[in-house]
Amino acid sequence: MLDKVVINFTPTGMIPTKKMTPHVPVSVSEIIEDVHQATELGITLVHLHARDAQTGEPTHKKEVYGEIIEGIRKYAPQLVICVSLSGRNVSELELRADPLNLEGNLKPDMGSLTLSSLNFNNSASQNSPKMVQDLAALMKEKGIVPELEAFDNGMVNYSKYLIKKNLIAPPYYFNLLLGNIAGSQANLLHTGMMINDLPENSVWSLAGLGGDQLKMNSLSIAIGGGVRVGLEDNIWYDTEKTQLASNMELLKRIHQLAQANDREIMSPQEFRELMNLEPGNGKYGRDL
């Protein structure tokens, strides 16, 4: 449990399109601007997804991630940046790991690591044991910290296997994602079981998928956790789906909830110290 709220901002994701909502940032410039507004409001870290400029489809190309990171660090050199290494649309290690090849001022601090394969409503995320271990090993080699994504207790348990194999090192950061059709559901029992099973020295945030986002964010703020919030997980502002949300509206609501619970927002600098990350301003990731 933390005194301050970790806000993990997820502005884009892989699924939302302009046809679904005009508010989702897709282009490099749109993503940079949304993150700019978010940093002015107050966030701790950003979880980035990149899109192909021609098709709008998700891409893992380091060149596109590099453009986004370069734009963000011009105004927020201390913001903690995580790149997506998702297995939803590609299966080759070289493609998924391409953003990890960025260096210097473009080096990401973190990379997402989904801890097992899973099904969504209409797609799957493929994460074989070898893939998970290879990505973890690459991040360890490069001094990039895994953002551990767990959709159920089995994934939490697999993180302990990675610890035994010396592939990940503390302190650990977990996103616990609840409400997926094939994972833990967004209720108190499933949430409590996942938190209870986390390895020692873990920092965690709760995410609720779709209409469960507000519920899980509210619960986490109330009980001392962090939040993952943004249009990646939910494009609607209300549970009745009558109002499309913007990222800033979702973030402002998190700030209101935090204030109501007498909790401050954790700054990027504080998160860097907590996670043993480099201080930013030209030095990123975790010191080897």
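Definitions and cut-offs
- Residues numbered from 1 in each chain as written.
- Predicted model: local features only at pLDDT ≥ 70, side-chain atom pairs only at ≥ 80, totals over all residues.
- Heavy atoms only, no water.
- Pairing = 2+ DSSP bridges.
- Helix = DSSP H or I, 4+ residues; strand = E, 2+ residues; numbered from the N terminus.
- Axes fitted to C-alpha atoms, helices over the stretch in contact; angles between N-to-C directions.
- Expected span 1.5 Å × (residues − 1).
- Buried < 20%, exposed > 50% of the residue type's maximum accessible area, 1.4 Å probe, protein only.
- Contact = heavy atoms within 4.5 Å.
- Salt bridge = Lys/Arg side-chain N within 4 Å of Asp/Glu carboxyl O.
- Phe/Tyr/Trp six-rings, centres within 6.5 Å; stacked < 30°, edge-to-face > 60°.
- Lys NZ or Arg CZ within 6 Å of the ring centre and 35° of its normal.

Trainee: Go over the sheet that holds strand S6 (residues 110-114), please, and point to the residues and values.
Mentor: Read around the barrel, 8 strands follow the order S1-S2-S5-S6-S9-S10-S11-S12 and close on themselves; strand pairing throughout is parallel. The mean angle between the axes of side-by-side strands here comes to 30°, regardless of whether they run parallel or antiparallel. Here 2 bridges tie strand S1 (residues 7-9) to strand S2 (residues 45-48), and the two strands are oriented parallel to one another. By the bridge assignment, Asn-8 is partnered in S2 with Leu-45.

Trainee: Requested: an account of helix H4 (residues 129-142), with residues and values cited.
Mentor: Taking 1.5 Å per residue, 14 residues should reach 20 Å; H4 reaches 20 Å between its end C-alpha atoms and fits that length. Within the span of H4, buried status applies to Met-131, Val-132, Gln-133, Leu-135, Ala-136 and Met-139. The inward-facing, buried residues of H4 abut helix H3 (93-96), S6, strand S9 (145-150) and helix H5 (153-164). Directly beyond the C-terminal end of H4, a positive phi value near 70° is found at Gly-143.

Trainee: I'd love a proper account of the pairing of strand S5 (residues 80-83), names of residues and values included.
Mentor: The side-chain alternation of S5 yields two buried faces, one formed by Val-80 and Cys-82 and the other by Ile-81 and Val-83. Where S2 and S5 come together, 4 bridges link them in parallel fashion. By the bridge assignment for S5, Leu-48 is matched with Val-83. By the bridge criterion, 2 bridges tie S5 to S6 in an arrangement that is parallel. Directly across from Val-83, in S6, lies its bridge partner Gly-111.

Trainee: Tell me about the pattern of salt bridges, residues and numbers included.
Mentor: Counting across every chain of the model gives 11 salt bridges. Here Asp-109 ties to Arg-272 by a salt bridge, and the two come within 2.9 Å at their closest N and O atoms. Remark: Arg-272 occurs in helix H9 (residues 268-274) and Asp-109 occurs in the loop between H3 and S6; sequence separation between them is 163 residues. Classification of Asp-109 as buried rests on a relative accessible area of 0%.

Trainee: If you had to explain the packing of aromatic side chains to someone new, which residues and values would you point to?
Mentor: With the rule as written, the count across this model stands at 3 aromatic pairs. Aromatic pair Phe-120 and Phe-151: ring centres 5.7 Å apart, planes at 75°, arrangement edge-to-face. Highlighted residues: Phe-120 in the loop between strand S7 (118-119) and strand S8 (124-125) and Phe-151 in the loop between S9 and H5, separated in sequence by 31 residues. Residue classification places Phe-120 among the buried positions, given a relative accessible area of 14%. One Lys or Arg, Arg-73, reaches over the ring of Tyr-284 and ends 3.4 Å from the middle of that ring. The cationic tip of Arg-253 hangs over the ring face of Tyr-237; the distance from NZ or CZ to the ring centre is 4.0 Å.

Trainee: Could you give me a rundown of unusual backbone geometry, with the residues and numbers involved?
Mentor: Residue Pro-171 is bonded to the preceding Pro-170 through a cis peptide linkage, with omega at -5°. Residue placement: Pro-171 occurs in the loop between H5 and strand S10 (172-178). Backbone geometry at Lys-241 places phi at a positive 60°, although glycine is not the residue there. Among the structural elements, Lys-241 can be located in the loop between strand S12 (226-229) and helix H8 (247-260). The residue Asn-276 is not glycine, and still its phi comes out positive at about 55°. Structurally, Asn-276 can be placed in the segment after H9. For Asn-276, a relative accessible area of 46% corresponds to the partly exposed category.

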